Amino acid sequence: MRRNLIHIGYHKTATNWFQCVLYPRVENGEYLHRKRVRAAFLRNSGLMFDEQAAVSALGAKGNTPFILCEEELSGNIHTGGLFGCFTREIARRLKRALPDSDVVIFVRNQVDMIASVYRQYVKEGGTYSVNRYLHHQRFLTESGFQPAKAPLFSFDHFDYAALVEFYDELFGQERVHVYPYEAFKKDNHAFMEAYLYRFGMDVDLEALPDIRPNPPYGRGVLRLARFLNHFSRRDVLYKRYWLHVPGFYKLRGSTLKRLSKLPVLGGQIRSEMLLGAKNVAFIRERYAESNRRLAHRIEYPLSDYGYPL
């Protein structure tokens, strides 16, 4: 490895696999656990950040290039990166603390991405419908809702070109590397060979354990989860709960995990069916221009993976 590597996400693009399977097995680089990354970059308020303290908190050893991988560096999916302000602030922190680094950003077809984000919202305790989750401003207008005061889900967060261009401005385009999650998923071995070569990582791909992520909730389990989530105030803020039962959140999570393996509760629901035709049309129109800008910036053909263009 020639330089430090900062992998900032996005969420829902296999970052957990990189954290648990790949990066800890890089022989010529030091993987820094995400707890250190959070301590260095995500705990201090915007006015209290100190780059020297952040580098110290990372606890890197010697002169070996190190690897950071934490999806929250791109901003939380349920708050739109705190109205985008958190996302920009973290980018500036990374530049101040680790200026001589490569930055990796994984993106995903916005239809599948947003459907996956909603599934994650329900998995984490959400109770609202997909329309109320995505278009919350329609339901909160009478309360005087202002996203700058209480950020919730934001379509802006998945305008990938805007984020990539901001990192290009900070680090230089030659240091910012963008990959579609779909290419990683379609031909994992070929993708990883090229990926490791690009960054000079020494990893025995054949020795990697076959660890697969838990499948997302199927149709029946998703409905059941939304109902059960009314009995715990955890873990997302934007929800309704009828009664908080201590310990129920953890119990319901383990129960749903087991139930999700039962075919009787229905198979996986397609993104288009989960979101609905109107939302899919809106998403495709919302990101077409941005994705066209991104398509000129990325070496993989986004049209092959269903990106709105």
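Calculation criteria
Residues numbered from 1 in each chain as written. Predicted model: local features only at pLDDT ≥ 70, side-chain atom pairs only at ≥ 80, totals over all residues. Heavy atoms only, no water. Pairing = 2+ DSSP bridges. Helix = DSSP H or I, 4+ residues; strand = E, 2+ residues; numbered from the N terminus. Contact = heavy atoms within 4.5 Å. Axes fitted to C-alpha atoms, helices over the stretch in contact; angles between N-to-C directions. Salt bridge = Lys/Arg side-chain N within 4 Å of Asp/Glu carboxyl O. Buried < 20%, exposed > 50% of the residue type's maximum accessible area, 1.4 Å probe, protein only. 1 Å grid on protein atoms, 1.4 Å probe; cavity = no way out; pocket = protein on both sides within 12 Å on 5 of 7 lines; lining within 4 Å. Points joined across faces, edges and corners; volume = space filled by probe spheres on them. Nonpolar A, V, L, I, M, F, W, Y, C, P; charged D, E, K, R; others polar. Phe/Tyr/Trp six-rings, centres within 6.5 Å; stacked < 30°, edge-to-face > 60°. Lys NZ or Arg CZ within 6 Å of the ring centre and 35° of its normal. Core = buried A, V, L, I, M, F, W, Y, C linked by side-chain atoms within 4.5 Å.

Quick look at the sheet that holds strand β3 (residues 66-69)
Now for step 1: Strand order in the open sheet made by the five strands is β2-β3-β1-β4-β5, with parallel pairing throughout. Edge strands, defined here as strands with exactly one partner in the open sheet, are β2 (30-31) and β5 (176-180).
Now for step 2: When strand β1 (residues 4-7) meets β3, the two strands line up parallel, connected through three bridges. Residue pairing across strands places histidine 7 opposite cysteine 69, the latter belonging to β3.
Now for step 3: The sheet strands contacting helix α9 (residues 160-171) are β4 (101-107) and β5, and the helix crosses β4 at an angle near 175°.

Examining the pattern of salt bridges
Now for step 1: Per the counting criterion, the structure on display carries 16 salt bridges.
Now for step 2: Put simply, glutamate 71 and arginine 34 hold a salt bridge, and the shortest N to O gap is 3.3 Å. Of the two residues, glutamate 71 is situated in the loop between β3 and α4 (80-83) and arginine 34 in helix α2 (residues 34-41); the sequence distance between them amounts to 37 residues. In terms of burial, glutamate 71 and arginine 34 fall into one category: buried.
Now for step 3: Its salt-bridge partner being arginine 93, residue glutamate 89 comes within 2.8 Å of it at the nearest N-O pair. Placement of the pair is glutamate 89 and arginine 93 together in helix α5 (residues 85-97), with a separation of four residues, close to one helical turn.
Now for step 4: Judged by relative accessible area, which is 4%, arginine 93 ranks as buried.

Describing the environment of alanine 295
Now for step 1: For alanine 295, the position within the fold is in helix α15 (residues 277-295).
Now for step 2: Residue alanine 295 is classed as partly exposed on the basis of its relative accessible area, which comes to 32%.
Now for step 3: Separated by 14 residues in sequence, alanine 295 and leucine 309 have C-alpha atoms that sit 8.6 Å apart.
Now for step 4: When neighbours within four sequence positions are excluded, alanine 295 is seen to be in contact with Leu302 and Leu309.

Points about the layout of surface pockets
Now for step 1: Counted as a void, the second largest pocket has a volume near 500 Å³.
Now for step 2: As for the second largest pocket, its lining consists of 23 residues, of which Gly80, Gly84, Ser154, Asp156 and His157 are closest to the centre.
Now for step 3: Looking at the lining of the second largest pocket, the elements with two or more residues in it are α4, α5 and α9.
Now for step 4: The element contributing the most residues to the lining of the second largest pocket is α9, with three residues.
Now for step 5: Split into classes, the residues belonging to the lining of the second largest pocket amount to twelve nonpolar, eight polar and three charged.

Description of empty space enclosed by the protein
Take a probe with the size of a water molecule and roll it over the atoms, and the empty space left behind shows itself.
Now for step 1: Considering all chains together, one arrives at one cavity of 30 Å³ or more under this definition.
Now for step 2: Here the largest cavity defines a volume of roughly 40 Å³.
Now for step 3: Lining the largest cavity are Met1, Arg2, Arg3, Asn4, Leu5, Asp102 and Phe199.
Now for step 4: Split into classes, the residues belonging to the lining of the largest cavity amount to three nonpolar, one polar and three charged.

Considering the packing of aromatic side chains
Now for step 1: Inspection of every chain in the model, using the stated rule, returns 35 aromatic pairs.
Now for step 2: By the ring-pair criterion, three or more aromatic residues cluster together here, those being Trp17, Phe18, Tyr23, Tyr31, Phe106, Tyr179, Tyr181, Phe184, Phe191, Tyr195, Phe199 and Tyr300.
Now for step 3: Above the plane of the ring of tyrosine 128 lies arginine 132, whose end atom (NZ or CZ) is 4.1 Å from the centre.

Focus on the nonpolar core
Now for step 1: The biggest cluster of nonpolar side chains holds 97 residues, and the ones touching the most others in it are Phe18, Tyr23, Phe41, Tyr195 and Met201.
Now for step 2: Looking at this core, the element that brings in the most residues is helix α6 (residues 110-123), giving eight residues.

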